[in-house]
There are 2 protein chains.
Amino acid sequence: MKKIGKFVSYTDQVYREIKDAVISLDIRPGDSLQERSIAEKLGVSRTPVREALKKLEFEGWVETIPWKGVVVKEIERQDIFEVFQCRYANEGFVGELVASLITEEHITDLKEYQKRMTTLAEQDRQQFINEDRDFHMYLAQLTGNSRLIQFLDHLSDQMLRFGIRAVSNDSRMKETLKEHQAIIDAFETGSKEKARKALEFHIQNSQDILLAMIDEEDAN
Amino acid sequence: MKKIGKFVSYTDQVYREIKDAVISLDIRPGDSLQERSIAEKLGVSRTPVREALKKLEFEGWVETIPWKGVVVKEIERQDIFEVFQCRYANEGFVGELVASLITEEHITDLKEYQKRMTTLAEQDRQQFINEDRDFHMYLAQLTGNSRLIQFLDHLSDQMLRFGIRAVSNDSRMKETLKEHQAIIDAFETGSKEKARKALEFHIQNSQDILLAMIDEEDAN
DNA sequence: ATGTGGTGTCTGGTATACCAGTTGAATACC
DNA sequence: GGTATTCAACTGGTATACCAGACACCACAT
């Protein structure tokens, strides 16, 4: 978020507002967003709204259909597949990289995540999902590669949009915890290969579960 | 590029113009870009210039320094390292994916690239670099994963900016051709593992050469 | 000579007016 | 009633005016 001192521009406020609404599905895929009506509703001019929409378009959340308006992109099966495929390639790589530079403190931090998530699994599903994202992004941060981090962050954002269904059944949450533990264990052995495999396995499983759920829904 | 029929917006024209200038180093890192003077020079208003600069900022080409102006980002050693690291992870993965779905026709196409590049190596370095980029992007396209393609495309853009030096010595061009051949050979065997390794090897070599050149320059 | 305050002029951020292409519904015509 | 046509009301794209923060510089007071 761009800030100038303590000042947060309208553009960024509008951007966050719309993006959150899109991720949380308050704005459904297929809904159209009009610069003028959003501007009116939020009490700002078209300019910041326009810039916020442009940014969302760059990021692939919405698309501009000429003379129609800005439309929230549908979630296709293909989208989910692509996001997981990208995560598979890059998080596996993250595992390999991180395995060679991780320290005791980092592992302690990971165990903290694990502890919190174990508690949250029975209390707050939304928060569980957020924590899951943070777990993965924590690993990404350790690589120190800003481009890699940004890409994975972007993918995580997209996960949130369809991820809610993915983890929200109890058995999958338990599996998630097990797989995270396996990842931590792999780091403790220090093996690059094991760390990669553990992350790949975890991502692959998430993908399989989510796609299976989608296919089931579509069948109805 | 967003088009409405045959109409290309000023925003996109300005975007392309500035981006090309940045990539080709006509605009040097550290140079500052002023909305007003660019608008005047190109004969358009601030609005499209502003939007073009926003897009460039989002893509990481420039950064906005409050009350100072929009400044073209410097190329640090770290940037080169990051780009290659991302390419290593993702192009290796591309190799693995593509190996299982590549056809005879595709391999023929790759050999065409190889033929053209062999000729260009002795004639036109700039064109050699463009063709090299196309070779890699052709492989990326075969995955059909638009997010992966977009990411690699973005990385390739950044390569152009510092890549000119990377391939522009004769011995490296010859090596590049050999390594591309090895990639094609790997695809012909159909082995996922070999294809991945061949691409990883190629990227790793490019990185080593380029970073060595940078370090040498910096030493002077 | 030095410190201080005013001021002109940079910057990006925002509001607003206007334009042109598109669409679709009301209307005119058969 | 059915079909062609017109036109008003959308849309995003662009130009322009104005604002406030930041900063460099110079005059002036000490």
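Refer to the structure printed above.
The notes below deal with the structure included here. All values derive from a computational prediction rather than experimental measurement. (Residues numbered from 1 in each chain as written. Chains lettered and ligands numbered in written order. Predicted model: local features only at pLDDT ≥ 70, side-chain atom pairs only at ≥ 80, totals over all residues. Heavy atoms only, no water.)

### Quick look at the protein's contact with DNA strand D
Right, so step 1: Surrounding DNA strand D, one finds 21 residues, the nearest of these being Gln34 of chain A together with Tyr10, Ser45, Thr47 and Trp67 of chain B.
Right, so step 2: Among the atoms of DNA strand D close to the protein, meaning within 4 Å, 56% are from sugar or phosphate groups.
Right, so step 3: Within the side chain of Arg46 of chain A, one N or O atom sits 2.9 Å away from a base oxygen of DNA strand D.
Right, so step 4: Here a phosphate oxygen of DNA strand D and a side-chain polar atom of Arg50 of chain A are 2.9 Å apart.
Right, so step 5: Of all elements in the fold, only α2 (35-42), α3 (46-58) and β5 (69-72) of chain A together with α1 (10-23) and α3 (46-58) of chain B reach the threshold of two or more residues within the surface near DNA strand D.
Right, so step 6: Looking at the surface near DNA strand D residue by residue, the classes come out as seven nonpolar, six polar and eight charged. (Near = heavy atom within 4 Å. Polar contact = N/O pair within 3.5 Å; in protein donor to acceptor, adjacent residues only side chain to side chain. Helix = DSSP H or I, 4+ residues; strand = E, 2+ residues; numbered from the N terminus. Nonpolar A, V, L, I, M, F, W, Y, C, P; charged D, E, K, R; others polar.)

### Overview of the interface of chain B and chain A
How big an interface is tends to be reported as the loss of accessible area on association of its parts.
Right, so step 1: Counting residues at the interface gives 31 residues for chain B, matched by 32 residues for chain A.
Right, so step 2: Overall, the association of chain B and chain A removes approximately 2800 Å² of surface from exposure, summing both partners, and the carbon and sulfur fraction of that is 54%.
Right, so step 3: Taken together, the connections running from chain B to chain A amount to eight salt bridges.
Right, so step 4: For Glu51 of chain B, the salt bridge is made with Arg50 of chain A, and the minimal N-O distance between the two is 2.6 Å.
Right, so step 5: The tally of links from chain B across to chain A stands at 19 residue pairs in polar contact (both at pLDDT 80 or more).
Right, so step 6: Here the side of chain B that touches chain A gets eleven residues from one element, more than from any other, and that element is helix α4 (residues 77-99) of chain B. (Contact = heavy atoms within 4.5 Å. Buried area = accessible area lost by both parts, 1.4 Å probe. Salt bridge = Lys/Arg side-chain N within 4 Å of Asp/Glu carboxyl O.)

### Some thoughts on the pattern of salt bridges
Any two side chains of opposite charge can pair if their charged atoms end up close together.
All names here are of chain A.
Right, so step 1: Following the criterion strictly, the structure yields 38 salt bridges over all chains and no others.
Right, so step 2: Linking Lys19 and Glu59 is a salt bridge whose minimum nitrogen-to-oxygen distance equals 3.7 Å. Note that Lys19 is positioned in helix α1 (residues 10-23) and Glu59 in the loop between α3 and β4 (62-65), a separation of 40 residues in sequence. The pair Lys19 / Glu59 is uniform in exposure class, with both members buried.
Right, so step 3: Across the pair Arg172 and Glu175 runs a salt bridge whose closest N-O atoms are separated by 3.3 Å. Within this pair, Arg172 and its partner Glu175 are both found in helix α8 (residues 170-189), separated by three residues, close to a single helical turn.
Right, so step 4: Judged by relative accessible area, which is 3%, Arg172 ranks as buried. (Buried < 20%, exposed > 50% of the residue type's maximum accessible area, 1.4 Å probe, protein only.)

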